[in-house]
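Residues per chain, in single letters:
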Amino acid sequence: MDLQEKRKAVSKFNKALKDLAKLEAEKKRIETKIENAKKIIQEFDIKINGSNI
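Here is what the cut-offs are and how they apply
- Residues numbered from 1 in each chain as written.
- Predicted model: local features only at pLDDT ≥ 70, side-chain atom pairs only at ≥ 80, totals over all residues.
- Heavy atoms only, no water.
- Helix = DSSP H or I, 4+ residues; strand = E, 2+ residues; numbered from the N terminus.
- Rg over C-alpha atoms; globule rule 2.2 N^0.38 Å.
- Areas by Shrake-Rupley, 256 points an atom, 1.4 Å probe, with all protein chains shown as cover.
- Lys, Arg positive; Asp, Glu negative; His and termini not counted.
- Charge placed at Lys NZ, Arg CZ, Asp CG, Glu CD.
- Salt bridge = Lys/Arg side-chain N within 4 Å of Asp/Glu carboxyl O.
- Patch = residues over 30% accessible without salt bridge, like charges linked within 9 Å, V, L, I, M, F, W, Y side chains within 5 Å.

Caption draft 1: Examining the overall build of the chain more closely. Counting its regular elements, the chain contains one helix and zero strands. Here the C-alpha atoms of the chain give a radius of gyration of 23 Å, more than 25% beyond the 10 Å that 2.2 N^0.38 yields for 53 residues. Dimensions of the chain along its principal axes, counting C-alpha atoms only, are 75 × 10 × 5 Å. Summed over all atoms, the accessible surface of the chain reaches about 5400 Å², with 59% contributed by carbon and sulfur. When the 14 positive and 9 negative side-chain charges of the chain are each reduced to one mean point, those points stand 5 Å apart.

Structure follows, in structure tokens:
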């Protein structure tokens, strides 16, 4: 493996790490949105079943 191939491999690896970090952050944001939506739905469901509306 010559120097140019090594640089390409390192570049590809670094890009993968950067993409992974972005995706993990996006996953956390989406999971938070899902949890918030579940809480709202649950509160709404309690109000309907408890006739608070």
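Caption draft 2: Spatial organisation of the pattern of salt bridges. Within the structure shown, the criterion is met by two salt bridges. Here Lys15 and Asp19 are joined by a salt bridge, their closest N and O atoms 2.9 Å apart. Of this pair, Lys15 and Asp19 both sit in helix 1 (residues 3-49), four residues apart, which is roughly one turn of that helix. The salt bridge involving Lys38 is made with Glu35; its shortest N-O contact spans 3.9 Å.

Caption draft 3: Up close: the environment of Thr32. Mapping Thr32 onto the fold places it in helix 1. For the pair Thr32 and Gln4, spaced 28 residues apart in the sequence, the C-alpha separation amounts to 42 Å.

Caption draft 4: Structural context of a nonpolar patch on the surface. A surface patch of nonpolar side chains, amounting to about 300 Å² of accessible area, comprises Phe13, Leu17 and Leu20. Inspection of the secondary structure puts Phe13 in helix 1.

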